[in-house]
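# Residue-level structural notes
Okay, here's what each chain looks like letter by letter:
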Amino acid sequence: MDTTYYDHGTPAERWERAGMFFDAKDYTAAARVLGSLVEEVPEQTGPRLLLARAYYHSAQLRRAEAELKVIVERDPVEHYARLMLGRTLQRQGRDAEARPHLRIAAALGGEFDEE
């Protein structure tokens, strides 16, 4: 597989290209660009979160789950990653595993159950 186009340019150029693919709903192409970018800058949350979103939207749910777990392990209060992880698990039919992540995301977002 030729990845020259996807890997070409500076990290900033590839980030911009990935965003354009994502905005155009070409999630598979966005993931191809973001995969190498995440390898290059693994400590940055932004590219990894967008990669997880691209995987989610292209139904690569196990890959999305893996990326989201990395983010949540590094930053347990990352609201959107928690929400996405919960939804990714739900989409795989793993509701019991999703529930705690969705509850934490709701609490981080200021939503509290009134019982």
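Data block above holds the structure.
The text that follows walks through the structure, step by step, so that each part is easy to find. (Residues numbered from 1 in each chain as written. Predicted model: local features only at pLDDT ≥ 70, side-chain atom pairs only at ≥ 80, totals over all residues. Heavy atoms only, no water.)

## Considerations on the nonpolar core
Formally: For the purposes of this section, nonpolar cores are sets of buried Ala, Val, Leu, Ile, Met, Phe, Trp, Tyr and Cys residues that join through side-chain atoms within 4.5 Å. Think of it in three bands: residues with accessible area under 20% of the maximum for their type are buried, residues over 50% are exposed, and the middle band is partly exposed, with areas taken using a 1.4 Å probe on protein chains only. Going along the chain from the N terminus, every DSSP run of H or I of four or more residues is numbered as a helix, and every run of E of two or more is numbered as a strand. Contact between two residues is taken to exist if any of their heavy atoms lie within 4.5 Å; hydrogens are not considered.
Of all hydrophobic cores here, the largest spans 30 residues; its most connected members are L34 and L68. Only α2 (11-23), α3 (27-40), α4 (45-57), α5 (61-74) and α6 (79-91) provide two or more residues apiece to this core. The element best represented in this core is α3, accounting for eight residues. With sequence-adjacent residues up to four places away left out, L34 is seen in contact with W15, A18, P47, L50 and L51.

## Digging into the environment of G35
Position of G35 relative to the elements: it lies in helix α3. Along the chain, G35 and L83 lie 48 residues apart, while their C-alpha atoms are 21 Å from each other.

## A short note on the packing of α2 against α3
Heads up, the rule is: Lines fitted to C-alpha atoms define the axes here, with helix axes fitted over just the stretch in contact, and angles between the N-to-C directions of these axes take values from 0 to 180 degrees. Oblique is the label for any angle not under 35 degrees, not over 145, and not in the 65 to 115 range, which are roughly parallel, roughly antiparallel and roughly perpendicular in turn. It is the rotation of the near helix from the far one that decides the hand of a crossing: anticlockwise by less than a right angle makes it left-handed, clockwise makes it right-handed. Classification convention: Asp, Glu, Lys, Arg as charged; Ala, Val, Leu, Ile, Met, Phe, Trp, Tyr, Cys, Pro as nonpolar; all other residues, Gly among them, as polar.
In contact at an axis separation of 8 Å, α2 and α3 are set at 155° when each is read in the N-to-C sense. With respect to α3, the axis of α2 lies roughly antiparallel. Handedness of the crossing formed by α2 with α3: left-handed. Listed contacts from α3 to P11, R14, W15, R17, A18, F21 and F22 of α2 are Y27, A29, A30, V33, L34, S36, L37 and E40. Among the residues making up the contact of α2 with α3, the classes are represented as eleven nonpolar, one polar and three charged.

## Side note on a nonpolar patch on the surface
What counts here: Patches here are clusters of residues that have more than 30% relative accessible area and form no salt bridge, with a 9 Å joining cutoff for like charges and a 5 Å cutoff for nonpolar side chains (Val, Leu, Ile, Met, Phe, Trp, Tyr). Reported accessibility uses the Shrake-Rupley method at a 1.4 Å probe radius. Residues are deemed covered only where the shown protein chains occlude them. We count a salt bridge whenever a side-chain nitrogen from Lys or Arg sits within 4 Å of a carboxyl oxygen from Asp or Glu.
Taken together, V77, I104 and L108 make up a surface patch of nonpolar side chains, about 230 Å² in accessible area. On the basis of relative accessible area, L108 is assigned to the partly exposed category, the value being 37%.

## Some remarks on the pattern of salt bridges
The tally for this structure, following the rule as stated, stands at six salt bridges. K69 is the salt-bridge partner of E65, the closest N and O atoms lying 2.9 Å from each other. Residue E65 and its partner K69 are located together in helix α5, separated by four residues, close to a single helical turn. For E97, the salt bridge identified is with R94, shortest N-O distance 2.8 Å. By relative accessible area, which is 39% here, E97 ends up partly exposed. Residues joined in a network through salt bridges with shared partners are R62, E65, K69, R94 and E97.

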